[in-house]
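Observations on chain architecture
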Amino acid sequence: MAEPKPTLHPETETEFSQDQTPEQQADLPPDADPYLALEAELDATRTERDEMRDRMMRALAEAENSRKRAEKDRRDAQLYGGSKIARDILPVYDNLSRALNAVTDETRSAAGGLVEGVELTLRELTNVMQKHGVERISPEVGDMFDPHAHQAMFEAPVPDFKAGQIIQVMADGFKLYDQLLRPAHVGVSSTPAG
């Protein structure tokens, strides 16, 4: 089989590029080197390829970031989605605790069944809260004040206490996993140093 005869440019008598039609080659000025034109076109194609690759890599990175954000939002919703109801239940816990703290021996002997029922209810409420990640923050008198877990309701100079020590606990605090629901309400010593 015979080799096809190359097509020559009519004015320069050089071969046409296989990528360009004779009409495209005809648009070149007569003194233009078709190889230089092909080099320029190849450079433009490479530049366009690099730009497309860069855009693709950016799109892939953005998609990965979106996936990670969605996963984090899903985990946060799963862990902290119940924080509103948990906050709303805290006054119930407080009221049951106050009721039990007000019980005297006389009340216990007169209404032992009622007191026991309140104790069981508080215990069950505490178990349900713990099951769902709600933990109690119970500072002790003498502990140092922690602004991340405690709220100072008052300050008072008290002998035998250093400044910043807790002198009274008025209400326990609570957190949901690592998120603070309510700080513990405390009184803090303001005894000056020295």
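Residues numbered from 1 in each chain as written. Predicted model: local features only at pLDDT ≥ 70, side-chain atom pairs only at ≥ 80, totals over all residues. Heavy atoms only, no water.

A few points about the sheet that holds strand β5 (residues 179-182)
Let me state the cut-off plainly: In short, DSSP must find at least two bridges between two strands for them to pair. A helix here means a DSSP run of H or I that spans at least four residues, while a strand means a run of E at least two residues long, and both kinds are numbered starting from the N terminus. Lines are fitted to the C-alpha atoms to define the axes, a helix being fitted only along its stretch in contact, and any angle between axes, read from their N-to-C directions, falls within 0 to 180 degrees. Any two residues whose heavy atoms approach within 4.5 Å are treated as being in contact.
In space, the three strands of this open sheet follow the order β1-β4-β5, with antiparallel pairing throughout. Every other strand in the sheet has two partners, leaving β1 (134-137) and β5 as the edge strands with one partner each. On average, adjacent strands in this sheet sit at an angle of 35° to one another, irrespective of strand direction. Strand direction decides the pairing type here: strand β4 (residues 173-176) and β5, joined by three bridges, are antiparallel. Counterpart to Leu 176 in the pairing with β5 is Gln 179. Where helix α3 (residues 83-101) meets the sheet, its contacts fall on β1, β4 and β5, and the angle it forms with β5 comes to roughly 40°.

Considering the nonpolar core
Selection rule: To define a nonpolar core, start from buried Ala, Val, Leu, Ile, Met, Phe, Trp, Tyr and Cys residues and group those joined through side-chain atoms within 4.5 Å. The buried label applies to any residue whose accessible area, calculated with a 1.4 Å probe on protein chains only, is under 20% of its type's maximum; exposed applies above 50%, and partly exposed to all values in between.
Met 129, Val 134, Phe 174 and Leu 181 are the most contacted members of the largest nonpolar core, which totals 15 residues. Phe 174 has contacts with Leu 90, Tyr 93, Met 129, Val 134, Glu 135, Arg 136, Ile 137, Leu 180, Leu 181 and Arg 182, leaving out every residue within four places of it along the chain.

Thoughts on unusual backbone geometry
The backbone phi angle of Asp 160 is positive, close to 70°, even though this residue is not glycine. In this structure, Tyr 177 takes a positive phi of about 55° despite not being glycine. In this structure, Tyr 177 sits in the loop between β4 and β5.

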